[in-house]
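The primary structure of each chain is shown beneath.
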Amino acid sequence: MEMNLEIFEEQASFLRVLAHPVRLCIVKGLYEKGECNVSHMQNCLNVPQSTVSQHLQKLKSEGIVKSRRKGLEIYYQINDIRIKKIVEALF
């Protein structure tokens, strides 16, 4: 059995990014709501806006979420099809 360790490393990196309660909550919320801005997430999570932004940056850098600007606000949504299966399996 030949294993391509690069594929395993990519999957492990993906799972490490999700393996934080706040990021998992953000992803679950985006999956359920479809799209959301940081202010709404901050109110739902009851954490500082800077904390939400830091977690969103990690999710975005891994390609899990994407963003779009609408005026002064930035809206986030799921960008990775694997999230649906993960959220459904966990919740």
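As annotated in an unreviewed UniProt entry, the chain carries the name Winged helix-turn-helix transcriptional regulator and comes from Candidatus Avacidaminococcus intestinavium.

### Here's the deal with the overall build of the chain
Each helix and strand in the chain was counted, giving five helices and three strands. Starting at the N terminus, the α and β elements of the chain follow one another as α-α-β-α-α-β-β-α. By its C-alpha atoms, the chain is 50 × 25 × 20 Å across when sized along the principal axes. Of all 91 residues assigned to the chain, the portion counted as buried reaches 26%.

### Observations concerning the UniProt feature "domain: HTH arsR-type" (unreviewed entry) in the chain
If you check UniProt for "domain: HTH arsR-type" (unreviewed entry), the listed places come out as residues 3-91 in our numbering. Helix makes up 64% of residues 3-91 and strand 16%, with an end-to-end C-alpha separation of 31 Å.

### Here's the deal with unusual backbone geometry
The phi dihedral of Asn-46 is positive, around 60°, even though this residue is not glycine. Tracing the sequence through the fold places Asn-46 in the loop between α3 (38-45) and α4 (49-61). On the basis of relative accessible area, Asn-46 is assigned to the exposed category, the value being 71%.

### Brief notes about the nonpolar core
Counting residues in each nonpolar core, the largest one holds 19 residues, and the members touching the most others are Ile-26, Met-41, Leu-59 and Ile-64. Secondary-structure elements contributing two or more residues to this core are α1 (5-18), α2 (21-33), α3, α4 and α5 (82-90). No other element matches α2, which puts four residues into this core. Setting aside its immediate chain neighbours within four residues, Met-41 contacts Ile-26, Leu-30, Cys-36, Val-52, Leu-56 and Tyr-76.

### A word on the sheet that holds strand β2 (residues 65-70)
Strand order in the open sheet formed by three strands is β1-β3-β2, and the pairing between neighbours is antiparallel. Strands at the two margins of the open sheet, each flanked by one partner only, are β1 (36-37) and β2. Here β2 runs beside strand β3 (residues 73-78); their pairing, made up of six bridges, is antiparallel. In the strand pairing of β3, Val-65 is matched with Ile-78. Strands in contact with α2 are β1, β2 and β3; relative to β3, the strand with the most contacts, it is inclined by about 90°.

The rules behind these values
Residues numbered from 1 in each chain as written. Predicted model: local features only at pLDDT ≥ 70, side-chain atom pairs only at ≥ 80, totals over all residues. Heavy atoms only, no water. Helix = DSSP H or I, 4+ residues; strand = E, 2+ residues; numbered from the N terminus. Buried < 20%, exposed > 50% of the residue type's maximum accessible area, 1.4 Å probe, protein only. UniProt positions renumbered as here; feature names shortened; annotations may be inferred. Core = buried A, V, L, I, M, F, W, Y, C linked by side-chain atoms within 4.5 Å. Contact = heavy atoms within 4.5 Å. Pairing = 2+ DSSP bridges. Axes fitted to C-alpha atoms, helices over the stretch in contact; angles between N-to-C directions.

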